[in-house]
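# Fold and contact review
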Amino acid sequence: LTIRLTASHGGPNPGASEVVILDRAVSDGELKKMVKTGQRGILDRMPWVDRVEIAALRELIDRLERSHAESPRPYTEAMDHRRRLDKLAARREAQDDADGTIDEELARLQREVLLFDVDRILVIKRHEIVASHVYTYHYEGFKAGGGLYVMSLKDPEALPFLLADSPEGQILDCDLSYDGERVLFSRRERESDVYQVWSVAIDGTDLRRLTDGAWHSYNACWLPDGGIAFLSARKPAYAYCWDAPVGVTHRMEADGSRVRLLSANYLNDFTPYVLADGRIIYSRWEYVDKPAIPIQSLWTINPDGTGLSMYFGNGVISPGTFMEPRPIPGTHKIVCVMTGHNGPTRGALGVIDRTKGVNAQAAIENITPDVAVPPVDQGNGNTGGTKQYSNPLPLDGERLLVSIQGPLLARTFDGACQSLALPAPDDGMQWFAAQPIRPRPRPPVIPSTLKSAGEGFVDERWWEPGHEAVEYATVYVQDVYRGLEGTVERGEIAAIRVVQEIEKSRVAQVQYRAFGFQFPVVSCGATYAPKQVWGSVPVEPDGSAYFRIPANRPLYFMVLDAEGRAIQRMRSFTHLMPGEVQGCVGCHESRLETGTMTRRRLALERAPRELTPPEWGVTGFSYARIVQPVWDQYCVSCHHADAAPGGVDLSGDRTDFFNVSYEMLARRGSLSANWAAMDGSPPPPDEPAPLAKWIPTYNGQEQNILEVRPRFWGSPASRLTELIMTGHPDGEGRPRVAMDATARRRVFAWIDLNVPYYGTSLSNHYDRHGCRRMVPEGFDALIQEVADRRCGGCHGADANGHARIPRDFWLRIDNPQHNRFLKAPLARSAGGTEQCGQPVFANTDDPDYQKLIESFRPIQQLLIDRPRLDG
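Positions within a chain are numbered from 1, following the residues in the order the chain's sequence is written. pLDDT decides what is reported in this predicted model: residues at 70 or higher carry local features, side-chain atom pairs at 80 or more are listed and counted, and totals for whole chains, interfaces and linings draw on all residues regardless. Water and hydrogen atoms were dropped before computing side-chain values, which therefore reflect all heavy atoms in the structure.

## Some points on the overall build of the chain
Under the convention used in this document: Helix and strand definitions follow DSSP, with helices as H or I runs of at least four residues and strands as E runs of at least two, each counted in order from the N terminus. Relative accessibility thresholds used throughout: buried, under 20% of the residue-type maximum; exposed, over 50%; partly exposed, between the two (1.4 Å probe, protein chains only). In what follows, residue pairs with any heavy atoms lying within 4.5 Å of each other are defined as contacts. Only the protein chains shown count as cover for residues, and the accessible areas themselves come from Shrake-Rupley with a 1.4 Å probe.
Along the chain, the regular secondary structure elements total 15 helices and 34 strands. Each principal axis of the C-alpha distribution contributes one length, and for the chain these read about 105 × 75 × 50 Å. Split into buried and exposed, the 871 residues of the chain put 56% on the buried side. Long-range contacts, defined as pairs at least 24 residues apart, comprise 64% of the intrachain contacts of the chain with a sequence gap of at least 6. For the chain, the exposed surface amounts to about 35200 Å²; the carbon and sulfur share of it is 51%.

## Re a nonpolar patch on the surface
Note the cut-off: Candidate patch residues must exceed 30% relative accessible area and have no salt bridge, after which like charges are joined if within 9 Å and Val, Leu, Ile, Met, Phe, Trp or Tyr side chains if within 5 Å. By definition, a salt bridge exists where a carboxyl oxygen of Asp or Glu is found within 4 Å of a side-chain nitrogen of Lys or Arg.
Where nonpolar side chains cluster on the molecular surface, the patch consists of Leu1, Ile3 and Ile21 and spans about 290 Å² of accessible area. In this structure, leucine 1 sits in the segment before strand S1 (2-4). Of the residues examined, leucine 1 reaches a relative accessible area of 71% and is grouped as exposed.

## Let's talk about the pairing of strand S18 (residues 321-327)
Short version of the rule: Pairing between strands requires that DSSP locate at least two bridges from one strand to the other.
Extensive coverage of S18 is indicated by the burial of six of its seven residues. Connecting S18 to the next strand, strand S19 (residues 334-339), in antiparallel fashion are six residues, including glycine 330 with a positive phi near 75°.

## A word on the sheet that holds strand S32 (residues 555-560)
To keep things clear, this is the line we draw: To define axes, lines are fitted to C-alpha atoms, for helices over the stretch in contact only, and angles between the resulting N-to-C directions are given on a 0 to 180 degree scale.
In spatial order, the strands read S30-S29-S32-S33; together these four strands make up an open sheet with antiparallel pairing. Looking along the sheet, the strands with just one partner apiece sit at the ends: strand S30 (531-538) and strand S33 (566-569). Within the sheet, the average angular offset between the axes of one strand and its neighbour, ignoring direction, is 25°. Direction of pairing for S32 relative to S33: antiparallel, over a ladder of three bridges. For valine 559, the partnering residue across the bridge sits in S33 and is glutamine 568.

## Let's talk about the sheet that holds strand S5 (residues 161-165)
Here four strands make up an open sheet; going across it, the order is S5-S4-S3-S26 and the pairing antiparallel. In the strand order of this sheet, the two ends are held by S5 and strand S26 (430-436), each with one partner. On average, each strand axis in the sheet is inclined to that of its neighbour by 25°, with strand direction left out of account. Sheet analysis places strand S3 (residues 120-126) next to S26, joined by five bridges and oriented antiparallel. Bridge pairing in S26 places arginine 126 opposite glutamine 430.

## Description of the pattern of salt bridges
In total, this model carries 64 salt bridges according to the counting rule given. Its salt-bridge partner being arginine 190, residue aspartate 193 comes within 2.9 Å of it at the nearest N-O pair. Residue aspartate 193 is classed as partly exposed on the basis of its relative accessible area, which comes to 23%. Arginine 190 sits in the partly exposed class, given a relative accessible area of 38%. A salt bridge links aspartate 289 to lysine 531, with the nearest nitrogen and oxygen atoms 2.9 Å apart. With aspartate 289 in the loop between strand S15 (280-285) and strand S16 (296-301) and lysine 531 in strand S30, the pair connects residues that are 242 residues apart, well separated along the chain. Taking relative accessible area as the criterion, lysine 531 reaches 0% and is therefore assigned buried. Salt bridges linked by common partners bring Glu785, Arg789, Arg790, Asp846, Asp848 and Lys851 together as one network.

## What about the confidence of the model for the chain?
Note the following rule: Note on scores: pLDDT gives the predictor's confidence for each residue, bounded by 0 and 100.
Looking at the chain as a whole, the pLDDT averages 90, with 90% of positions reaching at least 70. Under a pLDDT of 50 for its full length, residues 9-14 has, in the predicted model, 14 contacts with residues more than four places off or in other chains. Every residue in residues 672-683 is under pLDDT 50, and counting partners more than four places away or in other chains gives 24 contacts.

## With respect to the nonpolar core
The line we're drawing: Nonpolar core, defined: a set of buried Ala, Val, Leu, Ile, Met, Phe, Trp, Tyr and Cys residues in which side-chain atoms within 4.5 Å join the residues together.
The biggest cluster of nonpolar side chains holds 78 residues, and the ones touching the most others in it are Tyr135, Tyr287, Trp631, Phe658, Tyr662, Leu720 and Trp750. Where this core is concerned, the elements lending two or more residues are S32, helix H5 (623-626), helix H6 (628-634), helix H7 (660-667), helix H9 (719-725) and helix H10 (741-752). By residue number, the principal contributor to this core is H10, which donates six residues.

## Topic: the packing of helix H11 (residues 779-790) against helix H14 (residues 847-854)
Here is the rule we go by: Oblique is the label for every angle not falling under 35 degrees (roughly parallel), over 145 degrees (roughly antiparallel), or within 65 to 115 degrees (roughly perpendicular). Should the near helix be turned counterclockwise from the far one by less than a right angle, the crossing is left-handed, whereas a clockwise turn marks it as right-handed.
Where H11 contacts H14, the axes come no closer than 10 Å and their chain directions differ by 170°. Comparing their axes, H14 and H11 come out roughly antiparallel. Regarding H11 and H14, the two cross each other, and that crossing is left-handed. Along its contact with H11, which presents Phe779, Leu782, Ile783, Glu785, Val786, Arg789 and Arg790, the element H14 presents Asp848, Lys851 and Leu852.

## Considerations on helix H2 (residues 54-67)
Put simply, the test is: In this scheme, a helix's expected span is set at 1.5 Å multiplied by one less than its residue total. Arc, as used here, means the arc of the directions from the helix axis to the C-beta atoms.
In this model H2 runs 20 Å from its N-terminal to its C-terminal C-alpha over 14 residues, within 8% of the 20 Å that 1.5 Å per residue would give. Inspection of H2 places Ile54, Ala56, Leu57, Leu60, Ile61 and Leu64 among the buried residues, and these make up the whole buried set. Buried positions in H2, seen along its axis, are confined to an arc of 160° and lie on one side of it. On the buried face of H2, the contacting elements are helix H3 (78-93), helix H4 (102-114), strand S23 (399-403) and strand S24 (408-412).

## Things to note about empty space enclosed by the protein
Where we set the bar: Both site types are read off a 1 Å grid over the protein atoms alone. A 1.4 Å probe that fits but cannot get out defines a cavity, while an open set with protein on both sides within 12 Å along at least five of seven lines defines a pocket; lining residues have an atom within 4 Å of a point. Grid points are joined across faces, edges and corners, and a volume is the space filled by probe spheres set on the points. Residues are grouped as follows: nonpolar covers Ala, Val, Leu, Ile, Met, Phe, Trp, Tyr, Cys and Pro; charged covers Asp, Glu, Lys and Arg; every other residue, Gly included, is treated as polar.
Evaluated as defined, the whole model comprises four cavities of 30 Å³ or more. The space that makes up the largest cavity amounts to roughly 480 Å³. Sorting the residues of the lining of the largest cavity by element identifies strand S6 (170-176), strand S10 (217-222), strand S14 (269-274), S18, strand S22 (390-394) and S26 as the ones contributing at least two each. A per-class count over the lining of the largest cavity returns 15 nonpolar, six polar and seven charged.

## Comments concerning the side chain of arginine 284
The condition is simple: Pairs of N or O atoms within 3.5 Å make up the polar contacts considered here, provided that, within protein, one atom can donate a hydrogen while the other can accept it, and that residues adjacent in sequence are counted only when both atoms are side-chain atoms.
Examined against the element boundaries, arginine 284 turns out to sit in strand S15. Accessibility expressed as a relative area gives 0% for arginine 284, which makes it buried. A polar atom in the side chain of arginine 284 sits 3.3 Å from the side chain of serine 572. Ignoring any residue separated from it by four or fewer positions in sequence, one finds arginine 284 in contact with Asn265, Asn268, Asp269, Phe270, Ile295, Gln296, Ser297, Trp299, Leu308, Ser572, Phe573 and His575.

## Quick notes on unusual backbone geometry
Across the junction of serine 318 and proline 319, the peptide omega takes the value 5°, indicating a cis bond. In this model, phenylalanine 519 is joined to proline 520 through a cis peptide bond whose omega is 0°. Take proline 520: it is sitting in the loop between strand S29 (495-501) and S30. A positive phi angle is found at asparagine 391, which is not glycine, with a value near 55°. Assignment of secondary structure puts asparagine 391 in strand S22. Given a relative accessible area of 17%, asparagine 391 falls into the buried group. We note that arginine 711 has phi near 65°; this positive angle belongs to a residue other than glycine. Along the chain, the position of arginine 711 falls in the loop between helix H8 (671-675) and H9.

## Structural notes on the environment of glutamine 430
Mapped onto the elements, glutamine 430 comes out in strand S26. Through-space distance from the C-alpha of glutamine 430 to that of serine 403 is 8.2 Å; in sequence the pair is 27 residues apart. Sequence-distant contacts of glutamine 430, that is, excluding residues within four places in its chain, are made with Ile124, Lys125, Arg126, Glu128, Gln405, Gly406 and Pro425. A distance of 3.4 Å separates a polar atom in the side chain of glutamine 430 from a polar atom in the side chain of glutamate 128.

As C-alpha cells, this is what we get:
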C-alpha cells in the first residue's frame, strides 16, 4: 500500500511525500537491500551524473587552468587531461567503441578534472536525520552509528581513516580549521545525550570535548581569530509553534572557555559559517507578525556580536528556508540549500547574488532545477520533490561538493559537469559535510568595536536570576522618511516606538495547540509572541533620531504619528551588544545603500535620548490589564451584556480563551473566527467586518509578508480607530464619547502590536487546549443533552440526530448567564431575551438552567486557585 501525502491543510506536516506500508515486518538484510535500492534510485533520478558533454568538459579544463595558474595548487594536469579528452572525443566521433569503454573513460576523466586538487576529504558517515521541521534537526531523527572519517579520493585502495567513532551516538556536522590541522564536530554520544562540540587533530589524536551542560551545542565553525562560533540551546527558549529547543549563535575560545552569547534571537539560528570578509553568515528564523512557515532568511554578524545585518531573503517567501550558506571563492555570491519549513534540511541548491536586491527573486539562481522551488505567488514556504541536496561546499568559483542522500557529488555550479565523487556507504548510511583536507585562506579578523577586549560581550547566563541588569546600546536614524517617500509626508512621523518580542521560555506539548500553532495561546491568530514596549523617542523635524535601547534583546521599531498610531513597522527584529552604536539610513531603505550623510542631522547635536517608557509600564502587554480599563471607563455603560448596540459587548468577563471585549474586537468578523469556531462551522454570512485590522499569522496567509505599505495594517487601517477618533458619532453625527489621549494610545498600541491578549508565554494550565482554554468538564455533552430534550422542536436536528444549538464561537466563563444559549431561551420577565420566540426556561429556577449554570462553578474556582495569567 502506498500513501501519498499531497498537502497539509493547516495541521502538522509529517515531512513526507510518500509512505510505503508493507504487509509484514522485514529482516535487517531486506531493509539494507531496500535502502541500497533507494540509494541507487537517487542516481537513477539523476542520469546526468557521470554523463559527459565533451565541449563542456573541455571548457572546464580551460577555465580551471586559467583560474588556478597563480594558486598554491596550480592545475598541472590540464595538458594531460586535455590530451586524453581529445583522444576520447576522436574515438566517439569515429564510433570506435567496440569494447564499450568510452563513456566509462570519459566519466573517469571528468571526475579527475572536477577533483584535480582534492586528494583527501574530511567527511561524516551517519544516517540521515529525518526531522519534522528544518529547525528540529538538532534534537529529532536520532539513529545511532557512523563516525568522522578521512577518505582518499585518489587512491581506491586506501582504507577510510576513522577520526572519531559514534557507534551508539550521532555526529551532526564538522568544520576543518584554516590550516587544515584540526576538526570541530558536534556529537551525541548516545540518544539520551545532547549534542556537544568536540575537536580532534586531523591525525586522530588529541580528542577534546569543548562544551558541556544539559543543552544542545552544535553547528560549530572556526573563526578567523582562532575562536569558535557555534549554536547553543542553553538559554531556556522554545519554538512558539513546536516543542523545539531554540539554539542561537554563541562564541567561545578554541579550548571551550569564555562562552559568550552573540545572538539575542528568541527563535532558532541555523548553520553559521564565516564569509571571506570575516563576518559570520547564518540563517535565522523570522516571526515578527508573520506566518510561521516562510521566513528562515540569511543574516550576518561580526564575531564579537556587533553589526547584525540582514544578508538576504527576509522578504522572500519562496524558498521558505535558506540554510548552510557558503561563500563562493573569488565572487560576491554564496551557495546555500533552499528548502521548506517542514521536513529534513535538504532541498535545492541556490546561488545568491544579493547585488540584484536583497529580497529580489532575480537574485536567486536554482542550480539544481531537478528540485523545483515554487514561485513566490504559489508556495507557502514548503518545498516538494526529491530534495536530495545538502551540505554544499565550494572548491573554487567553478566547482563544489554536495551530499545527495547517500553518495557524494562533485559538480560545476552551472551543472554542465557532474560526477560521483564517493559512492554511498554500503551499510545504509550516507556521506555528509565533505571538505578537502588542505589549508584554506583565513578571512581577516574584524577588530571588535566594543569597549575593550572581553568587555561588552554578553555573559553566557545573563537571563538567570541575579543577571537581570539591563545594559544599553545606541541607535541613530538619519532620516525615517527614507524609504517611505511618496506615501508619508514630512512632518507626519512624531516618534519611534521600541518593542521586544518575548521568548517562550517553557516547553509545551504540541497536541494542545490552538489558533494555528499557539501553545500557550497569545492571540487569536495574530501575534505568536507576547510583546513588551520599552518606550519611544521623538523624531526630529529633519527625520533623524538618536537614542539608547536595551542591549541583548530582540527589538523592532515602529514609527508613530502624533496620535500614537503606527504609520510603518518593522516585521523583523534586530539586536545590539552592550555599548554598540549602530545606525541606519531610514525606514525600509535599501540594505545596499551606503547611507552617507550630506549634512549633520539634528538628532546628533545632542546626547542620545533615553526611551520614554509607556505609562502602563515596561512589561508584557496584557490586554486585560492595559486595554480593558479603557472600555470599562468609556464604553461598557452602553456596550454590555444586557444592551449591546450592534451586537458589540465590551465587558471584561473572561471567556474560554480571552475576554468578551477581545472576542468582539479582535475575533468577531476575522478569519480567526472561522479558523477557531468551536463547532467547525464558518461565521454567519451577515458577520460584521472586523473592527481591528491585524496581520494573520496562521498557515495559508504567507502572502501577507509581502504587504509592507505604510498604514496598511494596524490602527491606521482599523474601523475601531475611526470610531475612537470621531467620538463614535450617533445617527446625526454628534460625538458620543471623548476618549482622552492616554486611553486612545493604549488602544492604538494594542492594535499595532498585532492584538496580543496575553502578556506572557507562560501558563498555569499546560494540560488544556492552547494551554489556556477554560471550559467546564463535560459541558458540550451536558448542553447537548438539555438541547435534545428541549430545543430540537424549533432548531431541528443535525446529521447525527442531535438538536442544533446556536452558539457563539466563544464561551463566557464569568457571568455565564449572559451566554446567548442561556439568555435566548430565558423568559424576558426573568432577565432573558426570549429570542427563541417563546420561553424555554420560564425562570432561572428551571432545573436545566440551574444545571448549566452550576457546571461553571468548578472552572471559576480553578481560575481563583490557579489564575490564567490574563492580567
